[in-house]
Amino acid sequence: MLELDDIQYILLMRVPALTGRYEFLSFRNATGGRAWLSGIREKVQSAADARASLEKEKRWVTVALTWNGLRALGVDETSLATFPEEFKQGMVARAEMLGDTGPNHPDNWVGGLASPGLHAIVILFAGDEAERERCVMEHNKFISQCKDVEVLSSLDLQAVPPFIYAHDHFGYRDRLSQPVIEGSGEVPTPGSGAPLKPGEFILGYPDETGPPVNLPQPEILSRNGSYMAYRRLQEHVGMFRDFLRQNAQTVEEQELLAAKLMGRWRSGAPLVLSPDKDDQQLAADPQRNNAFNYKEMDPQGYAVPLGSHARRMNPRDTAANMNRRRLIRRGATYGPYLPEDAAEDGAERGIAAFVICASLIRQFEFAQNVWANDRNFHELGNERDPIIGNQDGTLEYKIPKRPIRKKITGLPAFTTVRGGAYFFLPGIKALHYLATLGDVR
Amino acid sequence: MSSTTSGGNQQDWTKPSAMAIPKGGVFKDKVEQGRYGPIFPKTPACYGFSILAKIIPGSEERFYEYARNVEKAVAGQPDCLAVLKLHYLRWVLFQIKGDTYFMYQGIFDTDFDKYTEDAVALFGATGLKTVFENLEGFPKDWQTNAPAFIKFVREHQCPSFLEYGEYPYVSADEIKKALKLKAAFSNMLDQMQ
């Protein structure tokens, strides 16, 4: 039985938000940090809260902490030592292995995200602009009273038009394939696999191999918690569109090339099920838009190239141990929309996403290190993920095709990592525990 | 004739190649970091490991029993080790001053760091267990504690100081593809008679 009233809502649900804001905070001392946490805590919704109020609610708040943040709040060394090594080290220390080199290197990150002083994040999702403004003003007012809490940076979020469905600045529909957690009440769509044991995403529950083990201590701190890898990924929209125009003649061929990079048409329709032309109805039908596999339906990659983003991030029946590699994705787009006919304006735009999992090293880092950045994934020899892989202009992209494949050489980097961090997402009771750490128990 | 790709570099499989490896097993100026630590380099003999450890006294018979189990498991399901991207494995027992030691050598196509949790899961799931359970110092909770398993393996890995490949850098999949092509051509020629 999932303790829905103790699990932060973000772990279990997506909310109908069109806008939002992330605040990145640093605590000057433990008392100041705990005072802030005490104040914000009551705004944080559990999954039970958010479900009960989904119809009328217009804002949703999540709080998470880095390992340095836990220390800054006064968590003792014995407890700090029980957290996993990769979380203790933080994303900056793991940069090379994650492929965050060259322009993606933490030296180039913005917003103080590479700083050891990054302690906490507040994630606000809001139904509309007015609600965001109201919440931001309220939080600013509260922060101004917390003299020992510093705002390192903020990031405003904004959905990309048209708002009919969620998509990124490149135009790709998002949120089509998500794992379902056993006991959440959700029913997986066809092709999404059986519900996974909660311990794959929520600490304190059995996972795919058995009962929970090696949890951070004390239990009150880790129970119903999880880990979140944050990635701020700039999308070079002008360059992406130029690339499509340079490598495909007609508009239809450009759409096909965009689809070949992703593994789905930009509408979301899966290439496996509709290899030659887009199919908007298929894209919008949850009973069909995820109902495919690769091993039987497209072993050679004639529909979905072996190295495409979707095939790397979720190889489905072509990888071993898939149930231990799944990820929950949350997040939003940021930056101004670049209209289809407009020239690149130099403004930063992209996606600011969270990957939620019970083990950063086994789930997030594996996906990043192996699936996204292993040049020899599926024996491809000289490729990385065309969307999120570390591209330095020396790699290629192969599109299987009869009689001979198409090979694009010198693939450019369509995205750049602008920041990232590892956060611990505590349960509601754990937030209270942390906020009252200094009190006599 | 020379079109084997490997890690982005064109490697000439027709030209046998040897690689001298510095002390410690890695090239300090170009060591690649994996999730669990530095990755031992790919050589003309592909990736590999040589794990050496002392066995728990009196457990020798279990190694022979394990060998029979692995033989049976692979015969029953020939692709049961496919996930490990192997070329060859060798298991050896030997004596030093009356103590029995175990050596486990593998040659494979992906660095051990990448799919190491899959290996742990495989040993747990197929009933193969692991013969490592009979080694001194092996973590008892290995099935639920992949990092401890990996730490043991890393601590007992003896890196090569020299490796040689007669057909360097060629992957097992490429060899299998080449043999399939050869068979297909033979079949085609038969059909042409």
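Preceding this section is the structure that the text describes.
What counts as what
- Residues numbered from 1 in each chain as written.
- Chains lettered and ligands numbered in written order.
- Predicted model: local features only at pLDDT ≥ 70, side-chain atom pairs only at ≥ 80, totals over all residues.
- Helix = DSSP H or I, 4+ residues; strand = E, 2+ residues; numbered from the N terminus.
- Buried ≥ 20, exposed ≤ 12 C-beta atoms within 10 Å, placed from the backbone.
- Contact = placed C-beta atoms within 7 Å.
- Core = buried A, V, L, I, M, F, W, Y, C linked by C-beta atoms within 7 Å.
- Nonpolar A, V, L, I, M, F, W, Y, C, P; charged D, E, K, R; others polar.
- Expected span 1.5 Å × (residues − 1).
- Arc of directions from axis to C-beta.
- Axes fitted to C-alpha atoms, helices over the stretch in contact; angles between N-to-C directions.
- Parallel < 35°, antiparallel > 145°, perpendicular 65-115°, else oblique.
- Left-handed = near helix turned anticlockwise from the far one by under 90°.

Chemist: Looking at this model, I keep getting lost on the overall build of chain B. Mind explaining?
Modeler: Counting its regular elements, chain B contains 4 helices and 9 strands. Going from the N terminus to the C terminus, chain B shows its helices and strands as β-β-β-β-β-β-α-β-β-α-α-β-α. Viewed in the frame of its principal axes, chain B has a C-alpha envelope of about 60 × 45 × 35 Å. A burial count over chain B gives 25% of its 193 residues as buried. Sequence separation of at least 24 residues holds for 76% of the intrachain contacts in chain B that already meet a minimum separation of 6.

Chemist: Any chance you could explain the nonpolar core here in plain terms?
Modeler: Across soluble globular proteins, you tend to see nonpolar side chains buried next to one another. By size, the foremost hydrophobic cluster in this structure holds 117 residues, and its most contacted members are Leu11, Met228 and Phe423 of chain A. Phe423 of chain A has contacts with Ala64, Leu65, Thr66, Ile121, Met228 and Tyr230 of chain A, leaving out every residue within four places of it along the chain. The next biggest cluster of nonpolar side chains, apart from the first, holds 10 residues, and it includes Ala119, Phe149, Ile150 and Val153 of chain B.

Chemist: It is not clear to me how the interface of chain B and chain A should be interpreted in this structure. Could you clarify?
Modeler: Interfaces are frequently sized by the accessible area removed from exposure as the parts join. Contacts between chain B and chain A engage 15 residues on the former and 20 residues on the latter. Secondary-structure elements contributing two or more residues to the side of chain B that touches chain A are β4 (32-34) and α2 (116-125) of chain B. When residues of the side of chain B that touches chain A are assigned to their parent elements, the largest contribution, 3 residues, is made by α2 of chain B. Across the side of chain B that touches chain A, the residue classes break down as 2 nonpolar, 8 polar and 5 charged.

Chemist: Would you mind showing me how to read helix α4 (residues 172-191) of chain B here?
Modeler: Think of an α-helix as 3.6 residues a turn; residues three or four steps apart then line up on the same face. Over its 20 residues, α4 of chain B runs 28 Å from end to end, which matches the ideal 28 Å to within 8%, given 1.5 Å per residue. Little of α4 of chain B sits inside the fold, with 0 of its 20 residues counted as buried.

Chemist: How should I be thinking about helix α14 (residues 428-435) of chain A in this particular structure?
Modeler: Residue and element names in this part refer to chain A. Considered for burial, the residues of α14 that qualify are Ile428, Ala430, Leu431 and Leu434. In a view along the axis of α14, the buried residues occupy a sector of 160°, so they form one face of it. Elements that come into contact with the buried residues of α14 comprise α1 (30-41), β2 (59-65), α3 (67-73) and α8 (219-222).

Chemist: When you look at unusual backbone geometry in this model, what are you seeing that I'm missing?
Modeler: With the exception of glycine, most residues fall at negative phi, and the peptide bonds are largely trans. The linkage connecting Gln217 of chain A with the following residue, Pro218 of chain A, adopts the cis geometry, with an omega of -5°. Residue position: Pro218 of chain A is located in the loop between β4 (149-158) and α8. In this chain, Arg402 of chain A is followed by Pro403 of chain A through a cis amide linkage whose omega measures -5°. Mapped onto the fold, Pro403 of chain A is located in the loop between β8 (396-399) and β9 (406-409). The backbone phi angle of Asn224 of chain A is positive, close to 65°, even though this residue is not glycine. Among the structural elements, Asn224 of chain A can be located in the loop between α8 and β5 (226-235). Even without being a glycine, Tyr169 of chain B presents a positive backbone phi close to 70°. Structurally, Tyr169 of chain B is set in the loop between β9 (162-165) and α4.

Chemist: I tried to follow the packing of helix α9 (residues 237-247) of chain A against helix α10 (residues 251-262) of chain A on my own but got confused; where do I start?
Modeler: To describe two helices that pack against each other, one gives the angle between their axes and the distance between the axes. Residues and elements named next belong to chain A. At their nearest, the axes of α9 and α10 sit 9 Å apart, and the two run at 120° to each other. Regarding the angle of α9 to α10, the classification is oblique. At the point where α9 passes α10, the crossing takes the right-handed sense. In this structure, α9 contributes Leu244, Arg245 and Asn247 to the contact, and α10 contributes Gln254, Leu257 and Ala258.

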